[in-house]
Amino acid sequence: MSTQIKSTVEELVRPFLDDNGFELVDIEYVKEGGNWFLRVYLDKEGGIDIDDCTRVTEYLSAKLDEKDPIPDAYFLEISSPGAERPLKKTQDYHKAVGEHVFITTYEPVNGLKEFEGTLTSFDEETVVVTIGKKIHSIPFAKVASARLAILF
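Described below are features of the structure shown in this document. Note that the coordinates shown come from a computational prediction; the quantities given were computed from them, not determined experimentally.

This brings us to the side chain of glutamate 23. Within the secondary structure layout, glutamate 23 lies in strand 1 (residues 23-32). Look past the residues within four positions of glutamate 23 in its chain and what remains in contact with it is Tyr41, Leu42, Asp43, Arg85, Lys89, Gln91, Asp92 and Lys95.

The structure is reproduced here in structure tokens:
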């Protein structure tokens with residue numbers, strides 16, 4: 001059900017995003033406590049602001065009311081993915097080369113399931129992360145999650 005809702009929401013919002021220069025980063029439909037949340041994460045060149053979020057909220061809310069694809073009551077949230085932006089699509093990984101990242105894997109790779117370091121390269125089959133002086137090649141199929149990470 002969640003996958004179908006996310007797909008429908010993307011279909012509804014995509015034309016508006018494309019026409020206005022927004023990038024769809026992610027869509028979540030999750031239950032937290034007793035409430036359902038539909039979260040749409042966006043970005044654009046130079047970042048998004050509250051006015052951008054308001055415009056997208058108004059557009060998407062009207063489309064959702066019209067089509068009514070979600071049977072439950074829910075809260076709609078439109079926001080930036082933030083500084084620790086998730087890496088979801090292959091293009092996200094390509095853009096993040098040279099950046100500090102945090103990656104988890106489904107199973108251990110070289111005895112580790114968590115990697116925090118510089119994303120050195122990505123070729124759509126292998127994610128290469130440098131941690132200190134050690135280089136880790138992680139099969140892309142084993143990546144459970146990845147995001148940009150803030151280096152303190």
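That was the structure; now back to the text.
Our next topic: the nonpolar core. Among the nonpolar cores identified, the biggest contains 20 residues, and Val9, Leu17, Val40, Leu42, Val56 and Leu60 are the most heavily contacted of them. Every element with two or more residues in this core is listed here: helix 1 (2-19), strand 1, strand 2 (35-43) and helix 2 (50-67). Once residues lying within four places of it in the same chain are set aside, the contact partners of valine 56 are Val13, Phe16, Leu17, Phe22, Leu42 and Ile78. Counting 15 residues, the second largest nonpolar core, distinct from the first, contains Leu87, Ala96, Val129 and Ala146.

Ordered in space as 7-6-5-4-8, the five strands form an open sheet in which the pairing is antiparallel. Strands at the two margins of the open sheet, each flanked by one partner only, are strand 7 (134-139) and strand 8 (143-148). Ignoring which end each strand starts from, the neighbouring axes of this sheet average 40 degrees apart. Sheet analysis places strand 4 (residues 100-109) next to strand 8, joined by five bridges and oriented antiparallel. Residue pairing for strand 8: threonine 104 is matched across the bridge by serine 145.

Right, let's talk about the environment of glycine 111 for a bit. Within the element layout of this structure, glycine 111 appears in the loop between strand 4 and strand 5 (112-122). The spatial distance from the C-alpha of glycine 111 to the C-alpha of aspartate 65 is 49 Å, given a sequence separation of 46 residues.

So, on to the packing of helix 1 against helix 2. Two numbers describe how helix 1 lies on helix 2: the axes approach to 10 Å, and their chain directions differ by 135 degrees. With respect to helix 2, the element helix 1 is oriented oblique. You can see that helix 1 and helix 2 cross each other, and the crossing is right-handed. Two secondary-structure elements touch here, helix 1 through Thr8, Val9, Glu11, Leu12, Val13, Phe16 and Leu17 and helix 2 through Arg55, Val56, Tyr59, Leu60, Lys63, Leu64 and Lys67. Partitioning the contact of helix 1 with helix 2 into residue classes produces nine nonpolar, one polar and four charged.

Analysis parameters
- Sequence positions are assigned chain by chain, starting from 1 and proceeding in written order.
- This being a predicted model, a pLDDT of at least 70 is required before a residue's local features are given, and a value of 80 or more before pairs of side-chain atoms are given or counted; all residues contribute to the totals for chains, interfaces and linings.
- Water and hydrogen atoms were dropped before computing side-chain values, which therefore reflect all heavy atoms in the structure.
- Segments assigned H or I by DSSP are reported as helices when at least four residues long, segments assigned E as strands when at least two residues long, and all are numbered from the N terminus.
- The contact criterion used throughout is that any non-hydrogen atoms of two residues lie within 4.5 Å.
- We define a nonpolar core as any set of buried Ala, Val, Leu, Ile, Met, Phe, Trp, Tyr and Cys residues linked to one another through side-chain atoms lying within 4.5 Å.
- The buried label applies to any residue whose accessible area, calculated with a 1.4 Å probe on protein chains only, is under 20% of its type's maximum; exposed applies above 50%, and partly exposed to all values in between.
- Two strands are said to pair when DSSP picks up at least two bridges between them.
- Axis definition: a line fit to C-alpha positions, over the contact stretch in the case of helices; interaxial angles, taken between N-to-C directions, run 0 to 180 degrees.
- Roughly parallel refers to an angle under 35 degrees, roughly antiparallel to one over 145, roughly perpendicular to one between 65 and 115, and oblique to any angle outside these ranges.
- Crossings are classed by handedness, with left-handed meaning an anticlockwise turn of the near helix from the far one by less than a right angle and right-handed meaning a clockwise turn.
- When residue character is reported, Ala, Val, Leu, Ile, Met, Phe, Trp, Tyr, Cys and Pro are called nonpolar, Asp, Glu, Lys and Arg charged, and the others, Gly included, polar.

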